[in-house]
Amino acid sequence: MAKPRVIYWFRTDLRLHDSPALKAALDLEPAVLWPVFTWDPHYVYRARGGTNRWQFLLDCQNDLSESITKLNPNSKLFVLREGPQTLFPKLFKAWKVTHLVFEKDTDSYGRERDEAVAEAAEKAGVQVIIRSGRTLWDSEQVVTKHGGKPTMSMTALLSASKKIGDVPRPIPSPKQLPDPGEMPVDFVQHQPDTKPDINAERRTNNDTGYKHIAGPCGDFAIETLDELGFVPATTPHKGGETRALKALDAIIKDKEYTATFEKPKTSPAQFDPQSTTLLSPFLHFGALSVRELYWRVQDVVNSYGSAASAPPASLTGQLIFRDMYFAAQAAIGPHFQQTAGNGHCRFIPWHLPSRLDPATGLTTGDYHVDSEQADEWFRRWKQGVTGFPWIDALMRQLRHDGWIHHLGRHSVACFLTRGGCYVDWERGAEVFEELLLDHEPACNAGNWQWLSCTAFFSQYFRCYSPISFGQKWDKHGDLIRRWVPELQNLDAKYIYEPWKAPIQDQKKAGVRVKGDGLRDVEVGTYPKPMFDFNERRDACLAAMKTAYGVGLYGDDERVSTGTWREMFPESQGEIQGRFDSDSGENADDGDEDGDEDGDEEGDGVGGKRPRKASSATASKKLKT
DNA sequence: GCGAGAGTTGGACGT
DNA sequence: TACGTCCAACTCTCG
């Protein structure tokens, strides 16, 4: 029998070490092996992605390609610019492929795509081999061992995984790779739909990504940001398996750090270097195997003795949480990314709710503006001009670097949702999806649900203060000074609350606390806080209490029909305003009165606009 | 079915 | 500085 002709399809497993799928491909003893990456238009036009994450991906691809070439000078990572669903059927034929091998994807689009590709392969007589490799334990197996239910707690994950067994030991990198075969592409390139383009506002140059299937020089080169029409990245964090393994070596070398790591004791304010490992972006792109990380850490922990930390706070605990979210997503499916239709996510009548596709019930990526005030708060949060320096510093660090500490994420997420703006967690998740280098759909959705107290966590009375929480870690405000240069010279006494600084202190520091950070921004100013935090915390807490009392979940019929309103008291201050679900216009904005004066209680039920007396006082307080 | 205790990492105040 | 206690009170797990 002729020897196999194998395509190894790299996706989010951009590494050579510990790849069960790559091992399966090599076990076939192929005559030829093509290491292929398909530049999938779905991710370019339909999924949110900022330029920093593209850059990190390109770093990973370039590094992987070099590593492949080191093992076989005739080979590299071959990038083809077409969606895999249309490309593979043509490749199977043109390259006389016998096997297609890849790592199992865990996300909804990925699974759908893989099914289509596998079906096409079957039609073409190509054998498909899939291996799980993205998580400690195969998420589908975890779900099965958990009775088909999602793992909504660490206990649940640990008891299910215990039935599977130990995390597999990592597989060493291959020592050699076969030659690639001939690569004719004398077939018609399928042009992708470039509209709608969810990344349009970030695509400032000419997009030539799909001009030639094998790239501008016809050599299957790795694409560039320029080719895709993206501006250069700003992040200092670089990708690639080589860097990942080197960074891991450095961490493991520090036995004490590795063995005694406790996440809650690491500072969200520390940067350069940060207080945590910053390995998550590598995990996301598969440049680092999660099992490699797990066992390298666990071996240190085992030899360290009883002083070592343990899950959930320890390093391996962080990885176990990751698996928990993956397994929860595996059980719930695409609805895990949203409240609507998700029976495990509590319904809270947040502002700025997602628009839903009536056909699928899934979110469209757009949202209803039920409250102009909340929308402004959301925009100020996103841009890092809330007037709360701790929040603004983190949001600016996130935008520029693509990474912030986990507790920083807690802080800004709590602030946007249950502890400040009362804006839908899905809005925040979308911003993280765009900006985070390590954006992992399952972890992102899971953590936003956690922080908004809609799933996984429910102690909504534990609220992060945008002032005290930062102060606890960073009295002098170094993180703020780094990311909010307007406040660089402000006395530490006022750095977390610059609006409290007397005019002469502001003058001395060369800054005026003025404006809203969005309109007519003057040089040398920093915005006033967008609300009185204590007022907002009280309003949100009361609203959360009401919503918990109502006790609706995302899959409840009353959520989809809108009759949930009957269950909430009309006098509830903090509740989603009405909007016309067809046009998306705010139906009760006609007699707009609540927003000019910064009154945050402007939205009522059924067109009524109840006000709390305290809100007026809150606005006045801010003006002093 | 019930109660006790635990639960990734809050804040304010005390010793 | 590190660690307790209270605040007012959530869900889940386990016995």
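Residues numbered from 1 in each chain as written. Chains lettered and ligands numbered in written order. Predicted model: local features only at pLDDT ≥ 70, side-chain atom pairs only at ≥ 80, totals over all residues. Heavy atoms only, no water.

As annotated in an unreviewed UniProt entry, chain A carries the name Photolyase/cryptochrome alpha/beta domain-containing protein and is attributed to Epichloe festucae. Listed under Sequence similarities (unreviewed entry) in UniProt, the entry text for chain A is "Belongs to the DNA photolyase class-1 family." (UniProt positions renumbered as here; feature names shortened; annotations may be inferred.)

Q: What am I meant to see in the overall build of chain A here?
A: A count of helical and extended segments in chain A gives 24 helices and nine strands. The C-alpha atoms of chain A give a radius of gyration of 26 Å, which matches the 25 Å a tight globule of 624 residues would have. The principal-axis extent of the C-alpha atoms belonging to chain A is close to 85 × 55 × 50 Å. Scored against the burial criterion, the 624 residues of chain A give a buried share of 58%. In chain A, 74% of the contacts between residues at least 6 apart in sequence involve partners at least 24 apart. (Helix = DSSP H or I, 4+ residues; strand = E, 2+ residues; numbered from the N terminus. Rg over C-alpha atoms; globule rule 2.2 N^0.38 Å. Buried < 20%, exposed > 50% of the residue type's maximum accessible area, 1.4 Å probe, protein only. Contact = heavy atoms within 4.5 Å.)

Q: I keep staring at the state of the cysteines and nothing clicks. Help me out?
A: Scanning the entire structure with this criterion turns up zero disulfides. With no disulfide partner, C443 has as its closest neighbouring cysteine sulfur the one in C345, 16 Å distant. Take C443: its relative accessible area is 14%, and that puts it in the buried class. (Disulfide = S-S within 2.5 Å.)

Q: Please clarify how the pattern of salt bridges should be interpreted in this entry.
A: Close approach of charged atoms allows side chains of opposite charge to pair. Under the counting rule described, the total for this entry stands at 29 salt bridges. In this structure, the salt-bridge partner of R203 is D197, at a minimum N-O distance of 2.8 Å. In terms of burial, R203 and D197 fall into one category: buried. The salt bridge partner of E497 is K500, with a shortest N-O separation of 2.9 Å. Exposure remark for E497: the relative accessible area of 16% places this residue in the buried category. (Salt bridge = Lys/Arg side-chain N within 4 Å of Asp/Glu carboxyl O.)

Q: What's the story with the environment of R537 in this structure? I'm lost.
A: Assignment of secondary structure puts R537 in helix α22 (residues 533–550). What makes R537 partly exposed here is its relative accessible area of 28%. Each C-alpha atom of the pair R537 and G419 lies 5.3 Å from the other, and the pair is 118 residues apart in sequence.

Q: Quick question: what am I supposed to make of the protein's contact with DNA strand C here?
A: Neighbouring DNA strand C are R346, S458, Q459, F461, K545 and Y548. Backbone atoms, meaning sugar and phosphate, form 79% of the atoms of DNA strand C found within 4 Å of the protein. Between R346 and DNA strand C, the recorded distance is 3.2 Å, taken from a side-chain N or O atom to a phosphate oxygen. The separation between a phosphate oxygen of DNA strand C and a polar side-chain atom of K545 is 2.5 Å. For the surface near DNA strand C, the class distribution of residues is two nonpolar, two polar and two charged. (Near = heavy atom within 4 Å. Polar contact = N/O pair within 3.5 Å; in protein donor to acceptor, adjacent residues only side chain to side chain. Nonpolar A, V, L, I, M, F, W, Y, C, P; charged D, E, K, R; others polar.)

Q: So what exactly am I meant to see when it comes to the side chain of H99 here?
A: Position of H99 relative to the elements: it lies in strand β4 (residues 99–103). Here Q127 takes part through its side chain, which lies 3.2 Å from a polar atom of the side chain of H99. Excluding its chain neighbours within four sequence positions, the residues that come into contact with H99 are P4, R5, V6, I7, L28, V126, Q127 and I129.

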